[in-house]
Amino acid sequence: MKIVVIGSLNMDFNFKVPYLPTKGETLKAVSFKTTPGGKGANQVVALARLGADVLMIGAVGRDDMGKSLKQSLLNDGVDINGIKDVDIPTGIAFITVDGVGNNTILVFPGANDGVDFEWIYNFSEEIKDASYVILQLEIPLKTVINAIEFCYKMKTKVILNPAPAQKLPEEIYPKIDILTPNETELSILTGMQATRDDEIIKAAQSLINKGVGRVIVTLGERGCFYMDEEGHDFIEGFKVNPVDSTAAGDAFTAGFTVALAECMPVKDALRFAGAVGALTVTKSGAQESLPFRQEVEEFLRGQVK
Ligand code: RIB
């Protein structure tokens, strides 16, 4: 099973704070650490730890942070031949995490803005042979759109994790097999309120009507919601002690992709993905917190269905 991830790599600057700061406030952090992150890189690491054969396509700067991000992917067995070095500083993210695991993330794309379709095209063969290509929205939108169109031509399935959310051109929706927004991203994509269950159903339906194959909405501790042409359902989440929700969405997307690539039925795949996301919330940091396959399987065995 080969999975290609096209997306971002960031160095995360993580601040543990007593509460999330408000406008105009100066707040003392309790602790600080730098760790590898970026939605694309997080997803590729999660996939690798779950047993997938993965290629990362992206860009870093010619600096120490870039070298360190690539090395940490190598340590996880990721094929990094798709990562180019560019003359732009490596992307960074400032992350604040409060005492109950809630966070805010500020991203400066840097080198991620250097990912263009010409670069992606070098990996046509790998894209053609992949079971899935996963993308997010931390590289230029034009690149994402061109890459989705190319995957569509190559008949390779596309999973788009639309984060950070922005409006997408209407004509791209029919070329997306699976879209994995959270509630906020669903609302931004559709321009509709998406908080209550009935609102989530309506907003997801509007995306299915535009041609998306399947919409999975991650709902944090509540679990997730899925919809395709055959039906829809809410799937309950797992109860865990939250430490840091950073990368939980990335972990979920990766877990769902691996499960589908292994031909699990959709409800089992969502349960598996939910477990991967839940375990990620129990540890701090992005890639540092992503679980290995064995941990996920043990966790699921310990749950009463
Ligand atoms: O999804 C979490 C990630 O968002 C962080 O690792 C940060 O780099 C931002 O991309």
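Note that the coordinates shown come from a computational prediction; the quantities given were computed from them, not determined experimentally.

Before going further, it helps to examine the sheet that holds strand β7 (residues 103-108). With respect to topology, four strands assemble into an open sheet ordered β3-β2-β6-β7, the strand pairing being mixed. With partners counted over all chains shown, the strands left at the sheet margins are β3 (31-37) and β7, one partner each. In this sheet, adjacent strand axes meet at a mean angle of 20° when their direction is disregarded. Across seven bridges, strand β2 (residues 10-16) lies against β3 in antiparallel orientation. The residue bridging asparagine 10 from the neighbouring strand is glycine 37, located in β3. Those strands touched by helix α2 (residues 64-75) are β2, β3 and β6 (91-97), and its axis lies near 90° from that of β2.

This paragraph deals with the packing of helix α6 (residues 183-190) against helix α7 (residues 197-209). The angle between the axes and the distance between the axes are what describe a pair of packed helices. The contact between α6 and α7 brings their axes to 10 Å, and the two run at 55°. The orientation of α6 with respect to α7, classified from their angle, is oblique. Note that α6 runs across α7; the crossing there is left-handed. For the pair formed by α6 and α7, the contact residues are Glu183, Leu186 and Thr190 on the first element and Ile200, Ala203, Ala204, Ser206 and Leu207 on the second.

The next thing to look at is the side chain of threonine 156. Among the secondary structure elements, threonine 156 is positioned in the loop between α5 (141-154) and β9 (157-160). Leaving out residues up to four positions away in the same chain, threonine 156 has contacts with Ile127, Lys128, Ala130, Tyr132, Val133, Cys151 and Asp177.

The environment of the ligand is made up of 15 residues, and the closest members are Asp12, Gly38, Lys39, Glu138 and Asp250. Within the backbone of glycine 38, an N or O atom sits 2.9 Å from an oxygen atom of the ligand. Glutamate 138 is positioned such that a nitrogen or oxygen atom in its side chain is 2.7 Å from an oxygen atom of the ligand. The fraction of the free accessible surface of the ligand (280 Å²) that becomes covered by protein chains is 97%. Broken down by secondary-structure element, the contributors of at least two residues to the shell around the ligand are β2, α1 (39-49), β6 and β7. When the residues that make up the shell around the ligand are grouped by side-chain class, the tally is six nonpolar, five polar and four charged.

So, how was this worked out
- Residues numbered from 1 in each chain as written.
- Predicted model: local features only at pLDDT ≥ 70, side-chain atom pairs only at ≥ 80, totals over all residues.
- Heavy atoms only, no water.
- Pairing = 2+ DSSP bridges.
- Helix = DSSP H or I, 4+ residues; strand = E, 2+ residues; numbered from the N terminus.
- Axes fitted to C-alpha atoms, helices over the stretch in contact; angles between N-to-C directions.
- Contact = heavy atoms within 4.5 Å.
- Parallel < 35°, antiparallel > 145°, perpendicular 65-115°, else oblique.
- Left-handed = near helix turned anticlockwise from the far one by under 90°.
- Near = heavy atom within 4 Å.
- Polar contact = N/O pair within 3.5 Å; in protein donor to acceptor, adjacent residues only side chain to side chain.
- Areas by Shrake-Rupley, 256 points an atom, 1.4 Å probe, with all protein chains shown as cover.
- Nonpolar A, V, L, I, M, F, W, Y, C, P; charged D, E, K, R; others polar.

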